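# Structure assessment
So the chains spell out like this:
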There are 4 protein chains.
Amino acid sequence: MTQAIILIHCPDRKGLVAAITTFVKEAQANIIYLDQHVDRETDTFFMRLVCAFDTATELIRFRESFQTKMANPYDLSWQLFDHNETSRIALLVSKYDHCLYDLLGRHATGELRGAISLIISNHPDLSGVAKQFDIPFFHIPVNKETKKEAETKQLELLQKHEIDLIVLARYMQIISADFVAHYPNKIINIHHSFLPAFVGAKPYHAAFDRGVKIIGATSHYVTSDLDEGPIIEQETVRVSHIHGVQDFIMKGRDLEKIVLARAVKAHLDHKILVYGNKTIIFS
Amino acid sequence: MTQAIILIHCPDRKGLVAAITTFVKEAQANIIYLDQHVDRETDTFFMRLVCAFDTATELIRFRESFQTKMANPYDLSWQLFDHNETSRIALLVSKYDHCLYDLLGRHATGELRGAISLIISNHPDLSGVAKQFDIPFFHIPVNKETKKEAETKQLELLQKHEIDLIVLARYMQIISADFVAHYPNKIINIHHSFLPAFVGAKPYHAAFDRGVKIIGATSHYVTSDLDEGPIIEQETVRVSHIHGVQDFIMKGRDLEKIVLARAVKAHLDHKILVYGNKTIIFS
Amino acid sequence: MTQAIILIHCPDRKGLVAAITTFVKEAQANIIYLDQHVDRETDTFFMRLVCAFDTATELIRFRESFQTKMANPYDLSWQLFDHNETSRIALLVSKYDHCLYDLLGRHATGELRGAISLIISNHPDLSGVAKQFDIPFFHIPVNKETKKEAETKQLELLQKHEIDLIVLARYMQIISADFVAHYPNKIINIHHSFLPAFVGAKPYHAAFDRGVKIIGATSHYVTSDLDEGPIIEQETVRVSHIHGVQDFIMKGRDLEKIVLARAVKAHLDHKILVYGNKTIIFS
Amino acid sequence: MTQAIILIHCPDRKGLVAAITTFVKEAQANIIYLDQHVDRETDTFFMRLVCAFDTATELIRFRESFQTKMANPYDLSWQLFDHNETSRIALLVSKYDHCLYDLLGRHATGELRGAISLIISNHPDLSGVAKQFDIPFFHIPVNKETKKEAETKQLELLQKHEIDLIVLARYMQIISADFVAHYPNKIINIHHSFLPAFVGAKPYHAAFDRGVKIIGATSHYVTSDLDEGPIIEQETVRVSHIHGVQDFIMKGRDLEKIVLARAVKAHLDHKILVYGNKTIIFS
């Protein structure tokens with residue numbers, strides 16, 4: 001048995017679910033999961049389907065005919081993922097190690113549907129952690145002068161390793177628009193605040209100064225606008241006057257780890273559809 | 001335009017979504033919302049559909065043909081609710097007034113799709129609150145000897161007022177199995193603990209004695225097994241050693257209000273399907 | 001027996017707790033509750049004490065001698081509240097009634113240590129609610145031209161009723177700096193976002209547009225800077241792509257009610273100390 | 001400068017805070033942190049103090065005189081911890097590795113005030129993880145026949161390594177009362193449910209069967225009563241009908257990691273006082 005995950009979006013119209021599910025039925029596939037959503041503001045239809053096929057051949061045939069028989073007549077944008085093909089992941093880090101440890105631990109535990117293929121850092125500090133988990137580590141220093149050159153090296157590495165997903169696990173460098181253009185909706189960042197509150201640097205300090213009673217973390221796809229990309233996941237935790245900035249940072253770590261891990265998982269499970277500057281996260 | 005909400009469950013089989021949505025399409029209806037779920041343990045299919053019909057006649061025709069053309073061949077259990085027909089609600093209370101105030105406030109604000117038609121209490125204390133909100137209030141005392149007789153009076157009132165939903169808003173009497181049998185999955189209770197922890201009386205005292213760090217509240221349909229009915233909604237809140245039993249009770253009130261209100265809303269919006277001793281809560 | 005709540009803040013120094021608690025002991029009072037906090041950034045000491053006195057006379061004597069024997073030598077800023085004297089509260093509202101119903105319900109239930117003495121609104125719509133709960137209602141229309149005049153009328157009413165606390169229960173007018181100056185740290189507002197995200201008008205719309213996964217509400221003291229006053233309490237709740245702006249508003253209501261009620265309670269229980277633009281909320 | 005953490009509990013009486021803080025002042029120490037709590041049911045007084053001494057000698061003198069000058073006259077039970085002396089930790093594991101990875105990651109990151117000195121397991125499976133982090137690993141098989149013998153070996157190891165804290169990081173064996181008696185309030189377990197709901201084995205399965213809408217995890221000190229020891233920390237997360245048992249387990253992992261880590265941190269920071277079957281967790 002083979003499974004496929006299909007993500008669809010298109011202008012809404014009558015009979016879409018019937019048309020799609022009838023097509024699946026006639027392809028002899030079984031619907032394992034179906035979720036759909038209509039955005040009433042833009043009249044856009046979104047669907048996530050998981051279908052089981054008896055043989056790999058049937059899946060191939062389905063994929064081949066979907067464009068002409070469904071996507072063209074119904075104006076569908078679609079992606080199909082073979083459940084057996086897993087993603088290849090690159091982690092970009094700087095000096096903070098908590099998200100790195102967390103993702104590597106989850107990877108080792110088997111929580112992630114994907115392979116962490118390499119770690120790239122602008123500092124050498126975390127090479128030891130990479131070694132602990134036996135993942136190739138590449139140190140590519142970045143400064144104002146070398147930034148362009150460094151990104152070129154990064155892109156070469158990423159392409160050579162056929163990377164599908166880039167995770168910025170507290171990577172403390174701004175990614176250029178050029179770089180982002182190579183991986184649209186394929187770079188996930190963790191920002192250590194409840195966006196859009198406290199964009200930019202030192203958000204825990206800013207939160208402390210404002211006297212908030214709750215802090216948060218936000219994972220989002222990276223776009224050319226810093227901290228403005230589509231939000232994937234957020235989580236919050238209470239703080240109080242007894243907590244100083246260091247306590248905010250300490251409490252925030254656990255948020256960052258969980259929020260980033262949830263976003264990475266959702267991406268690897270093909271549960272995310274990006275439209276405009278928002279995400280649909282299927283359950 | 002008329003809308004209908006359709007709840008379906010049946011043994012799972014290939015092509016169900018296609019068959020149902022095709023039937024909707026051919027009835028000239030538009031799918032506003034569709035959510036489906038398959039329980040893999042029992043291979044049971046669940047669906048909630050909201051369909052828009054151009055005319056009331058089309059809705060009537062749909063309803064008439066659904067049994068023979070869909071339910072019979074596909075072995076569907078189904079309910080259809082006309083969106084224009086709202087429920088009639090009875091509140092049963094004793095002496096605590098916080099849930100009563102909350103529900104009456106929401107009712108007055110227009111949050112609930114339904115009409116609170118009457119309030120029944122085993123004590124006279126809350127008649128003033130009923131009067132404030134201009135809802136008929138019936139005092140039916142209950143004690144061991146008069147219980148059966150009291151329930152008979154209650155049932156008469158409920159039937160006379162054509163009640164669809166009974167909400168036990170901190171009603172401190174156990175409902176007999178006989179009574180429950182008249183309103184299966186139509187009586188919602190709020191229990192002031194995180195069920196199944198602390199069943200029975202005085203759950204806040206029990207939680208305090210056990211030294212828990214989180215307390216909760218649970219709304220559930222009432223069955224003949226006390227505190228064992230299908231859970232609809234739960235919520236929790238932190239407590240600590242500084243909180244005494246009275247603080248637990250105070251903090252718990254807000255939980256009770258919210259959890260009960262959410263359950264009542266989900267019921268009135270026909271978002272709940274009960275199967276076995278569990279609920280499917282469509283979003 | 002009489003109780004007093006004492007709030008103290010001062011520059012930190014060795015021996016403060018010893019000095020204060022020894023003074024309490026020598027006054028024959030019993031410490032019911034003591035919490036203290038030192039802000040390490042500004043080296044400021046904060047304390048909340050609840051003391052029990054055998055007689056009212058002892059409390060009076062304590063109060064009289066505290067300034068000369070403790071406050072002067074130790075440079076203490078202090079407030080003392082007799083537990084028997086409760087606050088007088090004014091609610092300011094516009095057209096939204098959910099916070100109003102919630103506060104009036106809590107008041108009626110006996111949750112609040114204080115009396116809601118009057119309701120002022122710039123619209124006549126909610127006079128019926130005031131009547132339901134038998135609270136005097138004053139309709140003072142506000143527009144650009146009449147704003148100053150309207151505030152004068154409001155201030156007269158507030159002073160006449162000897163109001164200690166003003167609660168803006170979704171009052172949709174900006175309060176002038178002049179007005180605020182009459183009630184420093186005595187005006188509590190509820191803002192329907194997780195401040196500092198989404199300041200200004202229509203925060204739910206802004207949150208929806210940004211695609212956040214969590215929404216919040218914030219209660220704060222009103223200062224002359226809009227939405228910038230010291231934060232008292234915040235709470236958040238999850239949303240997802242299935243929720244439209246109307247769902248955000250609906251879900252936000254429950255946040256607003258709870259967050260505002262918690263802030264009002266903390267104020268009435270004299271658990272809040274404001275310093276700089278932050279709050280200490282004693283537990 | 002040297003710091004000491006002092007935990008005190010005793011029968012409540014007038015003047016306790018004054019007496020203790022005056023004693024600290026006269027010892028030339030500075031109070032960095034003070035929190036106290038009185039349990040009104042049992043009239044018991046609890047205090048946590050952090051004091052700074054200019055020299056190590058002053059700390060030693062303080063410790064020596066505290067028993068005779070404070071503890072004896074005021075009937076205090078007390079513990080004093082030198083902030084420079086950190087704890088030695090043993091992890092007991094079976095086959096699940098997520099809590100192990102989490103604690104080792106936190107340890108490596110420097111989050112824990114203590115040293116993980118060894119790992120003991122009844123299975124050989126996780127020896128590789130221990131090796132990754134360069135921690136001694138001891139495989140001590142346990143079955144019904146060898147249980148007593150195995151515990152003897154464990155105790156020898158623990159004593160040889162001068163272990164202060166034993167963390168059961170999903171260790172799937174019941175600890176005997178004999179063993180527990182060697183480490184009272186020094187063995188922390190993580191139970192994968194919101195205790196007291198779902199005691200015993202397979203709590204996620206039980207939670208799934210009951211149809212709860214929220215699952216939880218609980219860390220507690222181990223006593224001779226299984227799952228009945230004093231609760232240290234709890235956390236919860238939402239589930240719904242779409243989640244199967246495997247999803248409960250997956251979601252529960254993150255709870256277990258966080259709840260166990262918080263409990264271990266609180267213990268290592270000497271923030272926990274156990275009395276009766278409850279804990280005081282100072283903030």
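No experiment lies behind these values; they were computed from the predicted model shown. (Residues numbered from 1 in each chain as written. Chains lettered and ligands numbered in written order. Predicted model: local features only at pLDDT ≥ 70, side-chain atom pairs only at ≥ 80, totals over all residues. Heavy atoms only, no water.)

### A few points about the overall build of chain A
Keep this limit in mind: Secondary structure elements are taken from DSSP: a helix is a run of H or I of four residues or more, a strand is a run of E of two residues or more, and numbering for both begins at the N terminus. Radius of gyration: C-alpha atoms only; globule rule: 2.2 Å multiplied by the number of residues to the exponent 0.38. Burial status follows relative accessibility: with a 1.4 Å probe on protein chains alone, a residue under 20% of its type maximum counts as buried, one over 50% as exposed, and anything between as partly exposed. Residue contacts are defined here by distance: any two heavy atoms, one from each residue, within 4.5 Å place the two residues in contact. Accessibility throughout is a Shrake-Rupley quantity obtained with a 1.4 Å probe, and a residue counts as covered only by protein chains that appear here. Asp and Glu are treated as the negative residues and Lys and Arg as the positive ones, with His and the ends of the chain left uncounted. All charge positions are set by atom: Lys at NZ, Arg at CZ, Asp at CG, Glu at CD.
A tally of regular secondary structure across chain A gives eight helices and 13 strands. Taking 283 residues into account, the globule formula puts the C-alpha radius of gyration at 19 Å, and chain A, at 21 Å, falls close to it. The C-alpha extent of chain A, read off along each of the three principal axes, is 60 × 40 × 35 Å. Within chain A, the proportion of its 283 residues that are buried is 59%. Excluding contacts between residues fewer than 6 apart, the proportion of contacts in chain A whose partners are at least 24 apart in sequence is 66%. Here chain A has roughly 11300 Å² of accessible surface; of this, 50% comes from carbon and sulfur atoms. Averaging the coordinates of the 31 positive side-chain charges in chain A and doing the same for the 34 negative ones gives two points 3 Å apart.

### A look at the relation of the copies chain B and chain C
Note the cut-off: Alignment of the copies relies on least squares applied to C-alpha atoms, considering only residues that score at least 70 for pLDDT in both.
You can overlay chain B on chain C at an RMSD of 0.0 Å; the transform is a turn of 180 degrees with a shift of 0.0 Å along its axis. Such a combination of turn and shift is consistent with a two-fold rotation axis. For chain B, the minimum C-alpha distance to the rotation axis belongs to Q132(B) and amounts to 2.6 Å. Of the interface residues in chain B, 100% have counterparts in chain C that sit at the interface too, so the contact is made through matching surfaces.

### Some remarks on the relation of the copies chain A and chain C
The transform that puts chain A on chain C rotates by 180 degrees and translates by 0.0 Å along the axis, for an RMSD of 0.0 Å. Looking at the interface residues of chain A, 100% of them are also at the interface in chain C, so both copies use one shared face.

### Quick notes on the sheet that holds strand β7 (residues 137-139) of chain A
All names here are of chain A. Spelled out, the test is: Strands were regarded as paired on the criterion that DSSP finds at least two bridges between them. Structural elements are reduced to axes, namely lines fitted to C-alpha atoms, with helices fitted over the stretch in contact, and the angle between N-to-C directions of any two is expressed from 0 to 180 degrees.
If you walk across this open sheet you meet the seven strands as β7-β6-β5-β8-β9-β10-β11, and the pairing is mixed. On the outer flanks of this sheet lie β7 and β11 (231-238), each paired with one strand and no other. The average undirected angle you get between the axes of adjacent strands in this sheet is 20 degrees. Pairing of strand β9 (residues 187-191) with strand β10 (residues 214-221), which is carried by four bridges, proceeds in the antiparallel orientation. Directly across from I190, in β10, lies its bridge partner S219. Its contacts with the sheet place helix α5 (residues 147-160) against β5 (87-93), β6 (114-121), β7 and β8 (165-168), and it is angled at close to 160 degrees to β6.

### So, the packing of aromatic side chains
What counts here: Only Phe, Tyr and Trp rings are paired, with Trp represented by its six-membered ring, and only when their centres lie within 6.5 Å; those with planes under 30 degrees apart are stacked, over 60 edge-to-face, the remainder tilted.
Throughout the structure, instances matching the rule amount to 44 aromatic pairs over all chains. An angle of 35 degrees between the planes, with centres 5.5 Å apart, marks the rings of F62(D) and F66(D) as tilted. Of this pair, F62(D) and F66(D) both sit in helix α2 (residues 56-74), separated by four residues, roughly a single helical turn. A single burial state applies to F62(D) and to F66(D), both of which are buried. Ring-pair connections join several aromatic residues into one group, and the members of that group are F23(A), F53(A), F62(A), F66(A) and W78(A).

### Focus: the packing of helix α3 (residues 98-109) of chain B against helix α3 (residues 98-109) of chain C
Heads up, the condition is: Roughly parallel refers to an angle under 35 degrees, roughly antiparallel to one over 145, roughly perpendicular to one between 65 and 115, and oblique to any angle outside these ranges. Crossings are classed by handedness, with left-handed meaning an anticlockwise turn of the near helix from the far one by less than a right angle and right-handed meaning a clockwise turn.
Where α3(B) contacts α3(C), the axes come no closer than 10 Å and their chain directions differ by 155 degrees. As the angle between them shows, α3(B) and α3(C) are arranged roughly antiparallel. The two elements α3(B) and α3(C) cross, and the hand of that crossing is right-handed. Where α3(B) approaches α3(C), its residues H98(B), Y101(B), G105(B), A108(B) and T109(B) are matched on the opposing element by H98(C), Y101(C), G105(C), A108(C) and T109(C).

### Topic: the interface of chain A and chain C
Applied cut-off: Buried area adds together the accessible area that both of two parts lose upon being put together, with accessible area traced by a 1.4 Å probe. Salt-bridge detection follows one rule: a side-chain nitrogen of Lys or Arg within 4 Å of a carboxyl oxygen of Asp or Glu. Put simply, Ala, Val, Leu, Ile, Met, Phe, Trp, Tyr, Cys and Pro go in the nonpolar bin, Asp, Glu, Lys and Arg in the charged bin, and everything else, Gly too, in the polar bin.
At the junction of the two partners, chain A supplies 34 residues and chain C supplies 34 residues. Between chain A and chain C the total buried area reaches about 2900 Å² when both faces are included, carbon and sulfur atoms providing 54% of it. On the chain A side of the contact with chain C, R210(A), K213(A) and H241(A) bury the most area, a combined 25% of that side's loss. Along the contact surface separating chain A from chain C lie six salt bridges. The salt bridge partner of R210(A) is E228(C), with a shortest N-O separation of 4.0 Å. Among the elements of the structure, α7 (203-210), β11, α8 (245-268) and β13 (278-281) of chain A are those that each provide at least two residues to the side of chain A that touches chain C. In terms of residue count, the dominant contributor to the side of chain A that touches chain C is β11(A) (seven residues). Within the side of chain A that touches chain C, the residues separate by chemical class into 15 nonpolar, eight polar and 11 charged.

### Notes on the sheet that holds strand β8 (residues 165-168) of chain B
Residues and elements named next belong to chain B. Read across the open sheet, the seven strands follow the order β7-β6-β5-β8-β9-β10-β11; overall the sheet is mixed. With partners counted over all chains shown, the strands left at the sheet margins are β7 (137-139) and β11 (231-238), one partner each. The mean angle between the axes of side-by-side strands here comes to 20 degrees, regardless of whether they run parallel or antiparallel. Sheet topology note: the strand β5 (residues 87-93)/strand β6 (residues 114-121) ladder contains seven bridges and is parallel. Bridge pairing in β6 places V93 opposite S121. Docked against the sheet, helix α5 (residues 147-160) engages β5, β6, β7 and β8, running at close to 160 degrees with respect to β6.

### Observations concerning the environment of V237(D)
Residue and element names in this part refer to chain D. Relative to the elements of secondary structure, V237 occurs in strand β11 (residues 231-238). Under the relative-accessibility criterion, V237 is labelled buried at 18%. Sequence spacing of V237 and I188 is 49 residues, and the spatial spacing of their C-alpha atoms is 22 Å. Apart from the residues lying within four places of it in its own chain, the contact partners of V237 are K213, I214, I215, K251 and L255.

### Considering the interface of chain B and chain C
Listed per partner, the contact involves 19 residues of chain B and 19 residues of chain C. Here chain B packs against chain C, burying approximately 1700 Å² in sum over the two surfaces, 51% of which is carbon and sulfur. Remark: the boundary between chain B and chain C carries six salt bridges. One salt bridge connects R106(C) with D254(B), and the closest N-O pair in it is separated by 2.9 Å. Of all elements in the fold, only α3 and α8 (245-268) of chain B reach the threshold of two or more residues within the side of chain B that touches chain C. Examining the composition of the side of chain B that touches chain C, we find that seven residues originate from one element, α3(B), more than from any other. Among the residues making up the side of chain B that touches chain C, the classes are represented as six nonpolar, five polar and eight charged.

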